[in-house]
Amino acid sequence: MSKKLIVTGSMGLIGSEVAEYFLEKGWEVHGIDNNQRAIFFGLQGDNSSNKDRLAKYGSAYKLYTNIDIRDRQAILDIIPQIQPDAIVHTAAQPSHDRAASIPFEDFDTNAVGTFNLLESLRRYSTSVPFVHLSTNKVYGDAPNNIQMKELETRYDYDDAAYEHGIAEHFSIDQSKHSLFGASKVSADISVQEYGRYFNMPTACLRGGCLTGPNHAGVELHGFLSYLIKCNIEEREYSVFGYKGKQVRDNIHSYDVARFIEEFIQAPRVAEVYNIGGGKDNSVSILEAFDLIAKISGKQMKYKYVAENRIGDHICYYSDLRKMKEHYPNWDITKSLEDVFHDIYNRYMEA
């Protein structure tokens, strides 16, 4: 009998990647996704095409479009009904900027929705692994307090303690998070607490720039996907502050799914991991412009807005050493160039 996996947000970038990855491994996947992203971001944020991508797996993939993670009773009912062997929670209001205009929807989705899932799972079983897609925004803007150096095309850390990037012991306190960051902190702490207090196998994956070809990138969320889309369509891209030298680390959704499999196979209690591309897969906006121009043959059209986004990171890349120490079979398999090519090719095929 095949194992059962619940994936919330199963039509999203990470959710659909995880669903497909485990379907390929012979799991039965139950996806919970009411396409709230289309409501948050409009038609350009609509992820429903990923539903069609997963339809080829037939009855092994079951999608519940009528369930909202904010609906407590529905979540209390669905987990014991499915009886999962693991849960991967990717559903979220994912935009740093959008949260301020929809504060209740943001908090109810990110904080309350996560809590509903945790309590429902606890009532069903305390031994089922629960993987939560958190965010590096739980650190707020504190990474901007690290000593920086300005290079020709990027900023970088100028402190040997951060040679490998931001590690999991970095403070989440006393910093500006955005309302999105605050709601995700609440979810992150809840996931850890259910692990510690009830001895449940839980993990918070604090993502850098999680990306890939199945991302419905929009200006307010999905930096790399949206940037590449603008280049292909020859649309003007807005750079907000920091001279376009702000740095992000990009990890392909496939490598995220691979790590989730490693954790589910050998779960630990109340763990936290900074999951991103690391220093090798880091890129500034200016560098991203050059890289996509080489691939597409089109120069990037952009305008510069001097004011940076509130709480935006000047430089952020993840220290991957803890992940590799705990799960030595895992490493990044998709280079930065691979990520760019995969996203570009998907847009060109559409």
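Residues numbered from 1 in each chain as written. Predicted model: local features only at pLDDT ≥ 70, side-chain atom pairs only at ≥ 80, totals over all residues. Heavy atoms only, no water.

Asker: Got a minute to help me understand the packing of helix α5 (residues 103-124) against helix α6 (residues 178-198) in this structure?
Answerer: Two measures define how a pair of helices packs: the angle their axes make with one another and the distance between the axes. The interhelical angle for the contact between α5 and α6, taken along N-to-C directions, is 10°, at an axis separation of 8 Å. The orientation of α5 with respect to α6, classified from their angle, is roughly parallel. Residues P103, D106, F107, N110, A111, T114, F115, L118, E119 and R122 of α5 form the contact with α6, whose own contacting residues are L179, F180, S183, K184, S186, A187, S190, V191, Y194 and F198. Taken together, the residues of the contact of α5 with α6 sort by class into 11 nonpolar, five polar and four charged. (Axes fitted to C-alpha atoms, helices over the stretch in contact; angles between N-to-C directions. Helix = DSSP H or I, 4+ residues; strand = E, 2+ residues; numbered from the N terminus. Parallel < 35°, antiparallel > 145°, perpendicular 65-115°, else oblique. Contact = heavy atoms within 4.5 Å. Nonpolar A, V, L, I, M, F, W, Y, C, P; charged D, E, K, R; others polar.)

Asker: Looking at this model, I keep getting lost on the sheet that holds strand β9 (residues 209-211). Mind explaining?
Answerer: Pairing between the strands of a sheet comes from backbone hydrogen bonds, and it takes one of two forms, parallel or antiparallel. With mixed pairing, the three strands of this open sheet are ordered in space as β9-β11-β13. Of all the strands in the sheet, just β9 and β13 (282-284) have a single pairing partner and so form its edges. Mean inter-strand twist for the sheet, computed between neighbouring axes without regard to direction, equals 40°. Both strand β11 (residues 247-252) and β13 contribute to a ladder of three bridges, which runs antiparallel. Within β13, the position partnered with V247 by the bridge is S284. Each of β9 and β11 touches helix α8 (residues 253-265); the most contacted strand, β11, lies at about 65° to it. (Pairing = 2+ DSSP bridges.)

Asker: So what exactly am I meant to see when it comes to the pairing of β11 here?
Answerer: As a general feature of sheets, a regular strand has side chains that alternate between the two faces. Most of β11 sits out of view: six of its six residues are buried. The two faces of β11 match: V247, D249 and I251 on one face and R248, N250 and H252 on the other face are all buried. Two strands pair when backbone bridges link them, and β9 and β11 are joined in this way by three bridges, in the parallel orientation. Within the sheet, the bridge partner assigned to C209 lies in β11 and is N250. (Buried < 20%, exposed > 50% of the residue type's maximum accessible area, 1.4 Å probe, protein only.)

Asker: What's the story with helix α1 (residues 13-24) in this structure? I'm lost.
Answerer: Think of an α-helix as turning once every 3.6 residues; residues three or four places apart then point the same way. The end-to-end C-alpha distance of α1, which contains 12 residues, comes to 17 Å, matching closely the 16 Å that a straight helix rising 1.5 Å per residue would cover. In terms of burial, α1 is a largely internal element, 11 of the 12 residues being buried. Taken together, the buried positions of α1 are L13, I14, G15, S16, E17, V18, A19, E20, Y21, F22 and L23. Looking at the residues trailing α1, positive phi occurs at G26, about 95°. (Expected span 1.5 Å × (residues − 1).)

Asker: Help me out: how do you make sense of the layout of surface pockets in this one?
Answerer: The rolling of a water-molecule-sized probe over the atoms marks out the regions of remaining empty space. Approximately 250 Å³ is the volume attributed to the second largest pocket. What lines the second largest pocket is a set of 14 residues, and nearest its centre among them are E17, E20, R53, N214 and Y254. Taken together, the elements giving at least two residues each to the lining of the second largest pocket come down to α1 and α11 (336-349). For the lining of the second largest pocket, the leading source of residues is α11, giving five residues. Along the lines of polarity and charge, the residues of the lining of the second largest pocket split into three nonpolar, three polar and eight charged. (1 Å grid on protein atoms, 1.4 Å probe; cavity = no way out; pocket = protein on both sides within 12 Å on 5 of 7 lines; lining within 4 Å. Points joined across faces, edges and corners; volume = space filled by probe spheres on them.)

Asker: Even after reading the chapter, I still don't get the pairing of strand β5 (residues 130-135), so can you show me in this structure?
Answerer: For β5, the buried fraction is high: six of the six residues fall into the buried class. The alternating pattern of β5 places F130, H132 and S134 on one face and V131, L133 and T135 on the opposite face, and all of these are buried. Pairing of strand β4 (residues 86-89) with β5 involves three bridges; the strand directions are parallel. Following the sheet pairing, V88 is matched in β5 by V131. One ladder, built from six bridges, connects β5 with strand β8 (residues 202-207); its direction is parallel. Bridging across to β8, S134 finds its partner in R206.

Asker: What should I look at first to understand the pattern of salt bridges in this one?
Answerer: Two side chains bearing opposite charge may form a pair once their charged atoms approach each other closely. One pass over the structure, following the stated rule, counts 22 salt bridges. Across the pair E119 and R123 runs a salt bridge whose closest N-O atoms are separated by 2.9 Å. One end of the pair is E119 and the other is R123, both in helix α5 and four residues apart, which spans about a single turn. Classification of E119 as buried rests on a relative accessible area of 13%. A relative accessible area of 57% means that R123 is categorised as exposed. We note a salt bridge from E150 to K243, for which the minimum N-O separation is 2.9 Å. Taken together, the residues span a long stretch of sequence, with E150 in strand β6 (residues 148-150) and K243 in the loop between β10 (237-240) and β11 at a distance of 93 residues. Overall, the relative accessible area of 41% leaves E150 in the partly exposed class. Classification of K243 as partly exposed rests on a relative accessible area of 45%. (Salt bridge = Lys/Arg side-chain N within 4 Å of Asp/Glu carboxyl O.)

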